[in-house]
Number of protein chains: 2
Amino acid sequence: KTTVVHIHVINPSFYLFNSFAHRGELRKAKRIVVKLGSAVVTRGDECGLALGRLASVVEQVAMLQNQGREMMIVTSGAVAFGKQRLRHEILLSQSVRQALHSGQNQLKDMSVPVLEARACAAAGQSGLMALYEAMFAQYSTCTAQVLVTNLDFHDDQKRRNLNSTLQELLRMNIVPIINTNDAVVPPPEPNSDLQGVNVISIKDNDSLAARLAVEMKADLLIALSDVEGLYDSPPGTDDAKLIDIFYPGDQLSITYGTKSRVGIGGMEAKVKAALWALQGGTSVVIANGTHPKVTGHVITDIVEGKKVGTFFSEVKPAGPTVEQQTEMARNSGRTLAALHPDQRGEIICHLADLLVEKKEEILAANKMDMDLAVNAALLNRLSLSPAKLNSLAIGLRQIAVASQDSVGRVLRRTRVAHNLELEQITVPIGVLLVIFEARPDCLPQVSALAIASGNALLAKGGKEAANTNRILHELTQEALDIHWVKEAVQLVSTREEVEDLCRLDEMIDLIIPRGSSQLVRNIQSAAKGIPVLGHSEGICHVYIDSEAAIDKVIKIVRDSKCDYPAACNAMETLLVHRDILRTPLFDQIIDMLRTEQVKIHAGPRFASYLTFSPSEVKSLRTEYGDLECCVEVVDTMQEAIDHIHRYGSSHTDVIVTENEDTAERFLQQLDSACVFWNASSRFADGYRFGLGAEVGISTARIHARGPVGLEGLLTTKWVLRGDGHTAADFSEQGTMKYLHENLPVTQPQTSN
Amino acid sequence: KTTVVHIHVINPSFYLFNSFAHRGELRKAKRIVVKLGSAVVTRGDECGLALGRLASVVEQVAMLQNQGREMMIVTSGAVAFGKQRLRHEILLSQSVRQALHSGQNQLKDMSVPVLEARACAAAGQSGLMALYEAMFAQYSTCTAQVLVTNLDFHDDQKRRNLNSTLQELLRMNIVPIINTNDAVVPPPEPNSDLQGVNVISIKDNDSLAARLAVEMKADLLIALSDVEGLYDSPPGTDDAKLIDIFYPGDQLSITYGTKSRVGIGGMEAKVKAALWALQGGTSVVIANGTHPKVTGHVITDIVEGKKVGTFFSEVKPAGPTVEQQTEMARNSGRTLAALHPDQRGEIICHLADLLVEKKEEILAANKMDMDLAVNAALLNRLSLSPAKLNSLAIGLRQIAVASQDSVGRVLRRTRVAHNLELEQITVPIGVLLVIFEARPDCLPQVSALAIASGNALLAKGGKEAANTNRILHELTQEALDIHWVKEAVQLVSTREEVEDLCRLDEMIDLIIPRGSSQLVRNIQSAAKGIPVLGHSEGICHVYIDSEAAIDKVIKIVRDSKCDYPAACNAMETLLVHRDILRTPLFDQIIDMLRTEQVKIHAGPRFASYLTFSPSEVKSLRTEYGDLECCVEVVDTMQEAIDHIHRYGSSHTDVIVTENEDTAERFLQQLDSACVFWNASSRFADGYRFGLGAEVGISTARIHARGPVGLEGLLTTKWVLRGDGHTAADFSEQGTMKYLHENLPVTQPQTSN
């Protein structure tokens with residue numbers, strides 16, 4: 001076997017002799033030890049390798065190696081490989097007749113002598129290495145076999161020899177594959193985990209991997225086995241949670257001792273090895289390498305800083321974790337929800353006052369963000385001014401007024417039976433996660449909406465506005481503190497990945513993304529099990545009927561497309577009735593669009609009518625979000641409806657006509673969140689609808705649809721007050737009858 | 001290399017010489033050819049193998065082989081393997097100094113002579129086979145190499161030889177691995193797809209696999225490549241849909257010709273090969289073998305009958321596909337929603353009449369299902385009777401009455417500006433998918449609810465009630481037909497997998513599972529992107545306060561636990577204030593529970609108070625759903641609330657106390673869908689709440705919460721009527737001002 005030697009320069013500045021402080025830094029890891037527990041490389045019965053997992057480990061390690069990192073593998077699997085191979089040999093030595101009689105299905109039951117683990121390891125080692133070599137060869141990566149025993153680390157000379165050998169291999173871009181030299185270790189003890197053919201196993205190489213990682217000054221040790229990581233209480237019990245980041249100082253909070261057998265299981269040895277490596281300056285991640293859904297990228301995910309398994313870190317960050325923040329927000333939010341509406345109003349007004357009083361501090365922080373901004377568009381979105389802060393404060397005071405009766409409003413009262421009264425009342429949804437991009441005025445607005453509706457809030461802003469968001473959040477907490485609910489609004493660190501937040505489905509009740517439709521789409525696909533309130537697309541249509549009035553057409557089309565082309569409620573497709581195609585009206589529309597510099601794309605039917613047509617659209621389902629639109633021709637109003645149902649996004653669609661009957665049929669039949677007659681699509685907006693503060697626009701079909709006001713942040717609960725009533729009282733043998741009498745709702749049921 | 005011979009008996013009845021009619025039958029496939037396109041086994045640049053994918057193919061094939069099937073593989077990859085290997089050799093022949101200078105990163109750019117595909121194939125063949133052999137050895141499975149050319153099939157003698165060789169291999173439980181013998185085929189044509197080092201590839205072995213499958217009378221040919229399957233129009237264009245089942249008769253509907261380059265791509269050859277195999281009696285599935293999320297189980301999924309890729313079938317089922325049904329339902333549902341409420345009521349009443357008129361037919365069909373029922377519990381759930389049909393009809397007529405003003409009800413009217421009026425009105429959600437288990441009375445009930453709310457419905461019943469459901473659905477369509485909306489309610493074939501239905505997220509707007517909480521949980525986890533209305537858990541608490549009245553305690557606890565223990569609103573945990581622990585009241589509660597034969601589990605605190613305690617609970621978060629409950633002690637009402645927040649499911653929780661102040665604090669602070677004072681938890685029910693028909697109980701926090709009436713099947717839309725209004729009219733330079741005046745809602749806003 002020949003070897004290609006690739007030499008590359010090692011940059012000493014890559015080396016970090018102290019472990020990394022947080023997961024994001026793992027991207028910088030240069031030298032990485034990947035430890036594969038036997039559960040990862042072998043199949044269920046530890047007889048034969050789990051090839052798929054082994055191959056994807058090789059794939060990932062080779063990829064990282066090709067990025068210029070120095071990868072080492074500490075592997076298991078020789079015993080399993082050898083066991084499979086020896087079983088083969090032993091079966092062959094049995095008589096063919098017996099095999100013929102017993103049939104294939106009985107093969108597993110055939111008596112196979114107990115195989116000694118050390119013999120299996122010796123028999124399997126060569127095959128295992130050949131497999132690694134063949135696999136790595138597919139990535140032009142060379143491997144080297146290194147067999148060691150724990151004792152090799154105790155002898156200084158041996159350790160130095162091992163060290164220099166490995167350094168040399170790494171220098172030559174070779175991936176060392178390290179395993180314990182089982183053939184020369186003492187025989188397994190009786191009653192250990194090496195019992196008989198069905199339970200044979202070899203001890204995990206945890207301490208070997210840890211020693212090796214420290215010896216080689218590796219930046220990162222990834223220990224893969226079949227457990228997810230470290231839990232704060234025995235897994236399977238109520239409230240057991242996977243620990244995301246484990247600090248050695250926290251070790252005492254883990255239940256070892258009598259419960260360790262159930263809870264931590266084989267984890268104690270893993271944790272000890274991890275702590276040992278950590279003290280030696282190597283960061284450690286313990287993760288599950290057997291989960292079918294993530295096996296193919298578990299190693300690269302860890303190196304990319306994603307929340308996988310448990311990360312061991314020496315440096316405890318100052319603030320709480322996002323899980324702790326969520327818990328604090330929920331608890332404080334419950335108090336917030338129980339406040340009197342006037343008290344919530346006071347908090348919001350106090351925040352409005354602070355925005356004006358503290359404008360110097362806010363603008364100073366804002367300037368720090370602006371100084372770092374990289375382009376004019378970002379500057380524009382970031383920038384605050386005294387005038388902006390003033391109008392922000394005015395908006396907040398409006399929210400305070402508008403929200404007076406939002407929480408605890410009685411929607412329905414029913415006398416179910418004598419002395420049994422039912423009420424349906426509005427209550428907050430719970431914990432909201434609002435994700436917004438650069439624009440920092442979003443934070444006080446969203447906070448005010450959350451406070452007004454009694455919800456707890458996790459706010460996640462863009463890192464471009466980090467300084468501004470920090471001071472705005474401090475002021476929000478200062479305002480909340482007047483009623484001792486400071487923690488109800490939390491600012492999530494910019495370091496947290498949105499993806500990771502979207503996984504907190506047990507803790508967060510609703511996600512509201514505020515920003516580009518790309519942001520909304522990303523979050524909708526990342527949020528598993530948490531509802532998302534937002535619109536991912538706005539493909540709005542304006543349909544010009546044959547009986548449309550010319551002045552209205554020009555006004556509405558211009559406003560719908562040109563008022564603010566990037567908005568989700570801007571027109572994307574103009575549908576024109578065939579009868580007006582060769583009329584002066586049509587020429588006027590086209591002239592107006594040209595004057596406004598709107599680029600016109602032709603739908604297929606429109607194109608077929610023209611000798612020289614503009615560029616034909618690729619898709620009738622395009623959101624241009626710019627001074628561009630599609631023009632298409634339809635024969636009838638019904639055809640316009642069919643077109644919109646087929647290609648639209650059910651956001652906002654408009655008919656322009658003077659025929660009331662046509663209009664009403666359009667309004668009735670069209671299945672969109674907003675249907676307009678003779679009005680610009682740009683009216684689809686919470687403020688313009690008179691809903692007061694706008695939470696967002698929803699294209700979902702349940703909960704809230706179209707522009708959403710404060711009520712989108714509310715849900716209901718049912719309160720039943722009885723006098724010892726039971727369902728049995730109402731059975732055929734019972735004494736009571738249902739009345740189900742609607743009672744007047746005493747509170748004024750104002751709309752909003 | 002030695003070989004283990006496993007002999008097993010081939011059951012001739014396994015063989016089906018005609019192709020399978022539907023995917024479910026693929027489970028019966030005995031002899032299977034798996035064809036691996038080069039995109040599956042090689043990496044992006046076709047240099048080196050995609051080991052992870054190859055390993056998982058081996059894993060799946062070995063598993064299917066070990067189930068007693070006869071597996072054959074038609075593989076690609078020899079060229080890629082050989083190319084990787086030869087590049088290695090060529091690089092080695094360059095001077096070491098050059099390699100040292102250019103460094104590792106420039107390696108890819110180094111000039112490598114163009115490698116001829118046939119030479120690569122020859123060089124790679126042996127290594128590829130060695131890899132297959134090593135991999136299959138891990139599963140105790142033996143492989144054999146068979147190299148053929150297409151010409152071998154044209155010569156009868158050669159074909160017979162090949163056939164008998166393969167039969168012999170299969171008989172010995174060996175997996176033949178078949179590849180084209182590239183070394184002896186004619187050299188590649190210029191301008192073909194074998195150009196230079198970067199685009200080198202080998203033609204897919206589609207026709208070889210098809211010929212082989214037919215020659216060997218295989219039941220199934222699985223052709224894996226990097227396309228999802230066959231589309232009905234060029235992929236990427238508007239409305240292009242993956243074809244689930246392709247019938248040869250439909251072939252003309254596919255756009256070949258000029259568009260084939262864009263649309264079908266290399267699919268034409270694949271389709272031709274597939275049709276050839278199909279005519280020879282082999283079923284074919286074309287699927288994507290490179291999708292990271294499914295690679296590990298794509299082959300086994302296909303054999304299990306899951307909807308993966310495109311299935312080629314000769315037998316076209318009589319009915320429409322579920323996608324077509326959904327489309328029909330949506331279109332017909334739009335007409336249904338546009339009917340007058342009286343007309344929808346007429347349909348429901350007509351259905352009620354039919355249930356009574358046609359009771360003979362219904363009961364006859366029901367008897368057919370009952371005759372097949374396997375146990376008494378199922379019989380009980382299945383059984384209909386004239387009395388049941390009568391009360392079903394009465395319920396339907398109530399729905400007809402209750403629903404009069406459900407659709408098109410005006411919720412809010414606002415004068416936005418002069419001549420610009422906004423209305424928010426109720427509209428149906430769209431297409432509902434209701435999944436229910438054995439109980440066939442569910443079908444007319446759910447249909448009536450859908451009709452009343454103007455929604456289209458896909459009903460998926462259990463196969464145990466197939467005959468009853470079929471006639472009930474016929475009657476429903478007969479009733480719908482009086483207003484020409486017959487297709488608005490569709491019965492989904494029992495053959496459709498619930499998982500597959502849950503994937504139709506572009507077509508279905510809401511899923512309502514009616515049945516066990518296990519069913520609900522399964523559907524919640526399967527539904528990607530479609531909201532699910534239902535409750536997965538009901539962990540309800542009754543808290544006995546220190547000031548509780550003894551008679552009410554006994555009545556409420558008995559009713560909450562024993563009235564119907566399997567219901568989701570039954571009590572699972574009894575929380576007892578510490579002060580009543582050693583009182584006669586407590587003894588009376590325990591006596592009552594014992595009399596009712598309720599098995600008591602002790603919470604940890606309760607257990608610590610007792611000398612001889614009942615078994616301690618494993619988890620305080622258990623839904624017993626039976627005559628069992630947990631008893632736990634709390635110090636205060638606040639502690640009871642904390643306990644419920646921590647371990648409850650926010651379904652229904654009860655306080656029993658005479659202290660109104662305590663009760664109101666409990667009702668206010670507890671964050672559950674239903675909070676009751678001195679009433680049994682069993683009242684949490686749509687009928688008992690007076691909501692009329694019950695859609696279900698929701699533990700979601702958005703849209704609908706707690707017992708859900710018809711309004712849970714409605715959403716809203718915004719209707720704006722203007723006179724040419726534009727947003728620009730309201731700008732600072734504009735002439736108009738927003739009024740946002742609330743107008744009276746003219747229709748009676750009854751609560752239904």
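Because the structure is predicted, anything quoted here is derived from the model rather than measured. (Residues numbered from 1 in each chain as written. Chains lettered and ligands numbered in written order. Predicted model: local features only at pLDDT ≥ 70, side-chain atom pairs only at ≥ 80, totals over all residues. Heavy atoms only, no water.)

Undergrad: Would you mind going over the overall build of chain A in detail, with residue names and values included?
TA: A count of helical and extended segments in chain A gives 24 helices and 24 strands. A buried classification covers 56% of the 752 residues belonging to chain A. As presented, chain A carries roughly 30900 Å² of accessible surface, and 52% of it is formed by carbon and sulfur atoms. (Helix = DSSP H or I, 4+ residues; strand = E, 2+ residues; numbered from the N terminus. Buried < 20%, exposed > 50% of the residue type's maximum accessible area, 1.4 Å probe, protein only. Areas by Shrake-Rupley, 256 points an atom, 1.4 Å probe, with all protein chains shown as cover.)

Undergrad: Any details on the domain arrangement of chain A? Residues and values, ideally.
TA: Once the domains are mapped, chain A shows domain 1 (23-312), domain 2 (322-406 + 427-526) and domain 3 (540-694). Here the C-alpha centroids of domain 2 of chain A and domain 3 of chain A sit 36 Å apart. (Domains from an automatic or database assignment.)

Undergrad: So what's going on with the pairing of strand β11 (residues 431-436) of chain A? Residues and values would help.
TA: Regular strands place their side chains on alternate faces of the sheet. Residues and elements named next belong to chain A. Most of β11 sits out of view: 6 of its 6 residues are buried. Residues of β11 alternate between two faces, with Val431, Leu433 and Ile435 on one and Leu432, Val434 and Phe436 on the opposite face, all of them buried. As judged from the 5 bridges shared by β11 and strand β12 (residues 456-460), these two strands associate in the parallel manner. The residue of β12 that forms the bridge with Leu433 is Leu458. In the classification by handedness, the crossover that spans β11, the intervening helix α16 (residues 442-452) and the parallel β12 is right-handed. (Pairing = 2+ DSSP bridges. Right-handed = clockwise from strand over helix to strand, strands pointing away.)

Undergrad: How would you sum up the sheet that holds strand β13 (residues 489-491) of chain B? Please name residues and give values.
TA: Residue and element names in this part refer to chain B. Pairing within the open sheet is parallel, and its 4 strands lie in the order β13-β12-β11-β14. Both outer strands of the open sheet, β13 and β14 (510-514), are each paired with one neighbouring strand and no more. The average undirected angle you get between the axes of adjacent strands in this sheet is 20°. (Axes fitted to C-alpha atoms, helices over the stretch in contact; angles between N-to-C directions.)

Undergrad: An account of helix α5 (residues 117-137) of chain A is needed here, citing residue identities and associated values.
TA: Taking 1.5 Å per residue, 21 residues should reach 30 Å; α5(A) reaches 29 Å between its end C-alpha atoms and fits that length. At Gly124(A), α5(A) shows its largest bend, some 35°. (Expected span 1.5 Å × (residues − 1). Bend = angle between axes of the 7 residues up to and from the residue.)

Undergrad: Any details on the side chain of Gln477(A)? Residues and values, ideally.
TA: Note on placement: Gln477(A) falls in helix α17 (residues 466-480). When neighbours within four sequence positions are excluded, Gln477(A) is seen to be in contact with Lys486(A), Glu487(A), Val489(A) and Gln490(A). (Contact = heavy atoms within 4.5 Å.)

Undergrad: Could you give an account of helix α23 (residues 637-647) of chain B, naming the residues involved and the relevant values?
TA: Residue and element names in this part refer to chain B. Looking only at α23, the buried set comprises Met637, Ala640, Ile641, His643, Ile644 and Tyr647. Angularly, the buried residues of α23 cover 160° about the axis, an arc narrow enough to put them on a single face. Elements that come into contact with the buried residues of α23 comprise β15 (540-544), β16 (571-577), β18 (628-634), β19 (652-656) and α24 (660-669). (Arc of directions from axis to C-beta.)

Undergrad: Explain the sheet that holds strand β7 (residues 283-288) of chain A residue by residue, including any values.
TA: All names here are of chain A. Read across the sheet, 8 strands follow the order β3-β4-β2-β1-β5-β7-β8-β6 without closing on themselves; strand pairing throughout is mixed. At either end of the open sheet lies a strand with only one pairing partner, and these are β3 (142-148) and β6 (245-246). By the bridge criterion, 3 bridges tie β7 to strand β8 (residues 310-312) in an arrangement that is antiparallel. Within β8, the residue paired with Val285 across the bridge is Phe311.

Undergrad: Tell me about the interface of chain B and chain A, residues and numbers included.
TA: On the side of chain A, 112 residues touch chain B, which itself brings 113 residues to the contact. Of the roughly 9500 Å² buried where chain B meets chain A, counting both sides, 53% is carbon and sulfur surface. Where chain B touches chain A, the interface holds 12 salt bridges. Between Arg721(B) and Glu664(A) there is a salt bridge; the shortest N-O distance is 2.8 Å. Inspection of the chain B/chain A interface yields 64 residue pairs in polar contact (both at pLDDT 80 or more). Per-element accounting of the side of chain B that touches chain A gives the leading share, 11 residues, to strand β23 (residues 714-725) of chain B. (Buried area = accessible area lost by both parts, 1.4 Å probe. Salt bridge = Lys/Arg side-chain N within 4 Å of Asp/Glu carboxyl O. Polar contact = N/O pair within 3.5 Å; in protein donor to acceptor, adjacent residues only side chain to side chain.)

Undergrad: Got a sec to walk through the packing of helix α12 (residues 341-357) of chain B against helix α17 (residues 466-480) of chain B? Specific residues and values, please.
TA: All names here are of chain B. It is the contact of α12 with α17, at a shortest axis distance of 8 Å, that shows an interaxial angle of 140°. Taken together, α12 and α17 sit at an angle that is classed as oblique. Classified by chirality, the crossing of α17 by α12 is right-handed. On the side of α12, the interface is formed by Ile347, His350, Leu351, Leu354 and Leu355, while α17 contributes Leu472, Leu475, Thr476, Glu478, Ala479 and Leu480. Its residues placed into classes, the contact of α12 with α17 shows 8 nonpolar, 2 polar and 1 charged. (Parallel < 35°, antiparallel > 145°, perpendicular 65-115°, else oblique. Left-handed = near helix turned anticlockwise from the far one by under 90°. Nonpolar A, V, L, I, M, F, W, Y, C, P; charged D, E, K, R; others polar.)

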